[in-house]
Amino acid sequence: MYSFEPTDEQKMLIDAVSRYAASDLRPAAHDADENKELPPKLISKGWELGVLQASIPEAYGGFGDRSAVTGVLAAEEMAHGDLAGALAVGTPGLFALPILLSGSEEQKSQYLPPVIAADWKAYTAALIEPAFDFDPNDLKTVAKAEGGDYILNGEKTFAPFAANAEAMIVYAKLDGATKGFIVPKGAAGLKVGEEREKFMGLNAIPFFKVTLEGVKIPKTNLLAGDFAPVLDASRVAIAAMAIGVTKAAFEYSRDYAKERDVFGVKVAQKQAIAFMLAEMVTEIEAIRMLVWETAWMIDKGHAEASKQAYLAATGAIDMAMMVTDRAVQILGGHGYIREHPVEMWMREGRGFATFTGLAMV
Amino acid sequence: MIDFETPEKIVGVCTVIKTVADNMMRPVSRHFDENEHEIPWDYINFMHTAARAMGGSSMAPGDSKKEGPRIGFQRLAHMVEMLSWGDAGIYLDTPGGMLGSAAVSATGTPEQKERFLARFRGETPTFDAMCMTEAGAGSDTSAIRTTAVLDKNTKEWVLNGEKIFVTAGHKALVDSQGFIVVWATIDPSAGRAGMRPFVVEAGTPGCQVTKMEHKLGIRASDTVSIVLQDCRVPFDNILGSPEVVTDKATTGFKGAMATFDATRPIVAAQAIGLARATLELLKEMLAEKGVTIRYGLPRQKLTSIEKDVIDMEILLRSAWWLVLKAVWMMDNGKPNALESSMSKVRAGDVVNRITQKAVEIMGPLGYSREYLLEKWFRDAKISDIYEGTGQINRLVVARQILGYRSSELR
Ligand SMILES: Cc1cc2nc3c(=O)[nH]c(=O)nc-3n(C[C@H](O)[C@H](O)[C@H](O)COP(=O)(O)OP(=O)(O)OC[C@H]3O[C@@H](n4cnc5c(N)ncnc54)[C@H](O)[C@@H]3O)c2cc1C
């Protein structure tokens, strides 16, 4: 039976998240981007909302069961406040959720509680590689079995908070398939870049290159389960965040257009602008439905969930670029100036083609 | 709870309709495209018999008073999608209530609904039509000039004017004892406030079909002009309660808009069915040529055809959910003017993008009349034109999100 209405419980969570997003994340977003730093207090406050904790069972220190639907609803609201803030708050999930989804019972019991039942700490993951044709299912980082160990070799980029990370999941190709490996802090041969990486957007998050030179880890650190559910969880999360960012950009440009006078009328009264806005909201709503459907399929264990996650993520790429570009256009020259947030959203908008692996639900 | 599961009842109905589409529509698609104005009676009679056998009179929701959650519009959207997957033109020849009945349902009294809709349950297939458009009034419906004057002596309305582009008008008035809903003005100086819907039944003197159009696509569907010349209908044929006659507010216009809220997602569903047919055929044809689509790869690694097909799937699937959300809101009594028009904007775009791209990708095969791709490309265009053009629906969406009245954004 179709329904497009969240449960009361989900509504309560969305409410809490959206209040935090509106009154904490959004007001801090501009300075965080300029100063290249998110106040640690801001991150802990978001962490305390318990979005990740709510998707980890009690046995592992959390207080709920994972629901991708709840996850995308929350991700959308978070990113509606600020994408960098949303990603930062959720970063420990990049470590916890792959263990939940593809780890063994022992791994869950050992690794999840310290992440979940504590304050926000830097636990992270390294998936993306510095190649134009980066493909999560065809990694250049490789793992080789050697006695009781795996040896990892390769180069990663876009690893958030890697410099301070207690541990991270490193993804590598093992016998032709992508697998996650738990790599502890300070493992021999693990090199986190000296300097933060410089990107077009997400300035507020410290990203690092990670190099693996013969990193030797015990076989027990392999996440033996399938990578597909992990990738799906990331694709749908990133797509949901694209919805949040574009909704912000749409609303901002809509409100601006209703205020700005041109040729004796409000700029929103010009069809060229009004039609852009109509197309933006339609595009957002359409992809949003696709994202929700994907999350629903994931929760159902639907056979087509992976394909759908791919479609949703791909759709979100174009949607994010189209909407954020138009938001800047609607503000005209003012949109190009960093006093307005639309230029930041446009820089972020282009990134959704790249952000795979930076969020999970 | 968010749920994307198609209700079981709807799945069942769709399975049946798929058989109809496969056996009674696809095999004759080409024939009725090339022989415009011929009527697909086999399909029509079959659908009529089937509807009677199932105890329904029309596909339109509202005539079943069963218990449980309301899914009438959701079911209708699914049925229309599947029929249009079969053939978007022949689908428009489906007997039983369509656009005219939608207007009756949206604006009529219970007594009127019974009086006008009962005929669809009769022995022979019966049709209806909706007449808004005139030569001088298309998108701007407030410009209609057809007049309705009350003859106080006989308590009859006297209609005068000419309507054009009436879908199924010939079937409603000539090929069956159906009816048309005519939008006319009772006060030409009042603009929208003067607009009222009137039911004109087949056989009413002074109402005549004068022209049948030749079209780019959906040729199996008749599109006609209707002249009303001192056409007299009973007082009670004005849809709505008697107060609508004297009401100075824009009740009539609002009635038209309420009709659109219900019909736009259905027209969008038609577009989706056609788009899905196209995408499926395209993928089959590509598969025959040994082209497979590698889902999951980064775009940089895809061929141009793969990219196109994947984009089409995204467009199609996301547009379909906008349609279903709009009808779900309808069923649940939620105001859906925004969602309804969004679904129409999106579906109109998507079906044209998909059919255009499919013809392009298949090259000479796409352009050939040996395949249906070129027909579907022609059929698709109407989805961006009737029930409000793409531009008009953008206006509706824009006004909704900006909180503007029509005077503030025209
Ligand atoms: C096959 C077919 C079947 C039809 N069936 C029916 C039917 O059953 N009943 C019925 O009543 N009508 C029917 N129509 C009519 C249809 O709804 C109208 O053709 C349509 O609403 C557009 O009106 P128009 O053709 O007069 O175009 P116009 O209104 O003249 O529009 C011309 C162009 O201007 C654009 N435009 C108009 N106003 C604006 C504006 N304010 N802002 C921006 N752009 C604008 C339009 O989008 C369009 O691109 C049918 C038409 C066809 C072709």
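What counts as what
- Residues numbered from 1 in each chain as written.
- Chains lettered and ligands numbered in written order.
- Predicted model: local features only at pLDDT ≥ 70, side-chain atom pairs only at ≥ 80, totals over all residues.
- Heavy atoms only, no water.
- Helix = DSSP H or I, 4+ residues; strand = E, 2+ residues; numbered from the N terminus.
- Rg over C-alpha atoms; globule rule 2.2 N^0.38 Å.
- Buried < 20%, exposed > 50% of the residue type's maximum accessible area, 1.4 Å probe, protein only.
- Areas by Shrake-Rupley, 256 points an atom, 1.4 Å probe, with all protein chains shown as cover.
- Lys, Arg positive; Asp, Glu negative; His and termini not counted.
- Charge placed at Lys NZ, Arg CZ, Asp CG, Glu CD.
- Domains from an automatic or database assignment.
- Contact = heavy atoms within 4.5 Å.
- Buried area = accessible area lost by both parts, 1.4 Å probe.
- Salt bridge = Lys/Arg side-chain N within 4 Å of Asp/Glu carboxyl O.
- Polar contact = N/O pair within 3.5 Å; in protein donor to acceptor, adjacent residues only side chain to side chain.
- Nonpolar A, V, L, I, M, F, W, Y, C, P; charged D, E, K, R; others polar.
- Near = heavy atom within 4 Å.
- Pairing = 2+ DSSP bridges.
- Axes fitted to C-alpha atoms, helices over the stretch in contact; angles between N-to-C directions.
- Parallel < 35°, antiparallel > 145°, perpendicular 65-115°, else oblique.
- Phe/Tyr/Trp six-rings, centres within 6.5 Å; stacked < 30°, edge-to-face > 60°.
- Lys NZ or Arg CZ within 6 Å of the ring centre and 35° of its normal.

A. Representation of the overall build of chain B in the model. For chain B, the helix and strand inventory stands at 13 helices and 7 strands. For 410 residues, the compact-globule formula gives about 22 Å, and the C-alpha radius of gyration of chain B, at 21 Å, lands near that figure. For chain B, the C-alpha atoms occupy an extent of roughly 75 × 50 × 45 Å along the three principal directions. For chain B, buried positions account for 59% of its 410 residues. When the accessible surface of chain B is totalled, it reaches about 16800 Å², and 54% of it is carbon and sulfur. Once the 49 positive and 50 negative side-chain charges of chain B are each reduced to a mean point, those two points are 5 Å apart.

B. Spotlight on the overall build of chain A. Within chain A, the regular secondary structure consists of 10 helices and 10 strands. Computed over its C-alpha atoms, the radius of gyration of chain A comes to 20 Å, within 12% of the 21 Å expected for a compact globule of 361 residues. Per-residue burial for chain A yields a buried fraction of 61% across its 361 residues. Put simply, chain A shows about 13900 Å² of open surface, and 52% of that area lies on carbon and sulfur atoms. Mean positive and mean negative side-chain charge positions of chain A (35 and 48 charges, respectively) differ by 3 Å.

C. Geometry of the domain arrangement of chain A. Residues and elements named next belong to chain A. Here chain A is described as being made up of domain 1 (8–116), domain 2 (123–223) and domain 3 (228–354). One C-alpha centre belongs to domain 1, the other to domain 2, and the line joining them spans 22 Å. Counting from both sides, the interface comprises 22 residues of domain 1 and, opposite them, 19 residues of domain 2. Across the interface of domain 1 and domain 2, roughly 1600 Å² is buried in total on both sides, 69% from carbon and sulfur atoms. On the domain 1 side of the interface with domain 2, the three residues burying the most area are Lys 36, Phe 95 and Gln 107, jointly 30% of the side's total. Linking domain 1 with domain 2 are 0 salt bridges. Here domain 1 and domain 2 share 4 residue pairs in polar contact (both at pLDDT 80 or more) between them. Those elements that place two or more of their residues in the side of domain 1 that touches domain 2 are helix 1 (8–35), helix 4 (83–102) and helix 5 (105–116). For the side of domain 1 that touches domain 2, the leading source of residues is helix 4, giving 11 residues. Considered class by class, the residues forming the side of domain 1 that touches domain 2 number 15 nonpolar, 4 polar and 3 charged.

D. Inspection of the domain arrangement of chain B at higher detail. Residues and elements named next belong to chain B. The domains assigned to chain B are domain 1 (8–121), domain 2 (128–237) and domain 3 (251–402). If you average the C-alpha positions of domain 1 and of domain 3, the two centres end up 20 Å apart. On the side of domain 3, 30 residues touch domain 1, which itself brings 27 residues to the contact. Regarding the contact of domain 1 and domain 3, the summed buried area is about 2400 Å², with carbon and sulfur atoms giving 59% of it. Its largest share of buried area at the contact with domain 3, domain 1 owes to Arg 30, Phe 73 and Glu 81, together 26% of the area lost on that side. Across the contact surface, domain 1 and domain 3 share 5 salt bridges. At the boundary of domain 1 and domain 3, one finds 12 residue pairs in polar contact (both at pLDDT 80 or more). Among the elements of the structure, helix 1 (8–34), helix 3 (72–86), helix 4 (88–91) and helix 5 (99–107) are those that each provide at least two residues to the side of domain 1 that touches domain 3. The greatest single-element share of the side of domain 1 that touches domain 3, amounting to 11 residues, is contributed by helix 3.

E. Representation of the site of the ligand within the structure. Within the structure, the ligand sits among 21 residues, and Gln271(A), Ser139(B), Phe165(B), Thr167(B) and Thr389(B) are positioned closest to it. Between an oxygen atom of the ligand and a main-chain N or O atom of Met132(B), the distance comes to 2.8 Å. Between the ligand and Gln391(B), the relevant distance is 2.7 Å, taken from an oxygen atom to a side-chain nitrogen or oxygen of the residue. Protein contacts shield 68% of the accessible area of the ligand, which totals 980 Å² for the unbound molecule.

F. Geometry of the pairing of strand 2 (residues 147–151) of chain B. Residue and element names in this part refer to chain B. Note: strand 2 against strand 3 (residues 156–167), 5 bridges, orientation antiparallel. Within strand 3, the residue paired with Leu 150 across the bridge is Trp 157. Joining the antiparallel neighbours strand 2 and strand 3 is a turn of 4 residues, in which Lys 155 adopts a positive phi near 55°.

G. Quick look at the pattern of salt bridges. Counted by the stated rule, this structure contains 58 salt bridges over all chains. Residue Glu76(A) is joined to Lys247(A) by a salt bridge in which the shortest nitrogen-to-oxygen separation is 3.5 Å. Of this pair, Glu76(A) sits in helix 3 (residues 68–81) while Lys247(A) is found in helix 6 (residues 228–259), placing the two residues 171 residues apart along the sequence. Residue Glu76(A) shares its accessibility class with Lys247(A), and that shared class is buried. Residue Glu313(B) pairs with Lys307(A) through a salt bridge whose shortest N-O separation is 3.1 Å. With Glu313(B) in helix 9 (residues 304–331) and Lys307(A) in helix 8 (residues 305–331), the pair connects residues from two separate chains. One network of salt bridges, with partners in common, ties together Arg30(B), Asp33(B), Glu34(B), Arg219(B), Arg369(B), Glu374(B) and Arg378(B).

H. Representation of the packing of helix 1 of chain B against helix 2 (residues 41–53) of chain B. All names here are of chain B. With their axes 9 Å apart at the nearest point, helix 1 and helix 2 run at an angle of 150° to one another. One finds that helix 1 runs roughly antiparallel with respect to helix 2. Across from Val 20, Met 24 and Met 25 in helix 1, the residues of helix 2 making contact are Asp 42, Tyr 43, Phe 46 and Met 47. For the contact of helix 1 with helix 2, the residue count by class is 6 nonpolar, no polar and 1 charged.

I. Summary view of the packing of aromatic side chains. Applying the stated criterion to the full structure yields 22 aromatic pairs over all chains. For the pair Tyr150(A) and Phe181(A), a centre-to-centre distance of 5.4 Å together with 70° between the ring planes defines the contact as edge-to-face. Highlighted residues: Tyr150(A) in strand 3 (residues 149–160) and Phe181(A) in strand 5 (residues 177–184), separated in sequence by 31 residues. Put simply, the rings of Tyr2(A), Phe4(A), Trp296(A), Phe4(B), Trp321(B) and Trp328(B) touch in pairs and so form one group of aromatic residues. Positioned above the aromatic ring of Phe235(B) is the side chain of Lys155(B), whose terminal nitrogen or guanidinium carbon lies 4.2 Å from the ring centre.

J. Fine view of the interface of chain A and chain B. Chain A puts 48 residues into the contact, and the matching count from chain B is 45 residues. Here chain A packs against chain B, burying approximately 4600 Å² in sum over the two surfaces, 64% of which is carbon and sulfur. If you sort the residues of chain A by the area they bury against chain B, Met1(A), Tyr2(A) and Phe4(A) come out on top, with a joint share of 20%. For the interface between chain A and chain B, the tally reads 10 salt bridges. The residue Glu5(A) makes a salt bridge to Lys334(B) at a minimum N-O spacing of 2.8 Å. The set of elements that each furnish at least two residues to the side of chain A that touches chain B consists of helix 3, helix 6, helix 7 (271–300) and helix 8 of chain A. Per-element tally for the side of chain A that touches chain B: the top contributor is helix 7 of chain A, with 18 residues. Its residues placed into classes, the side of chain A that touches chain B shows 24 nonpolar, 9 polar and 15 charged.

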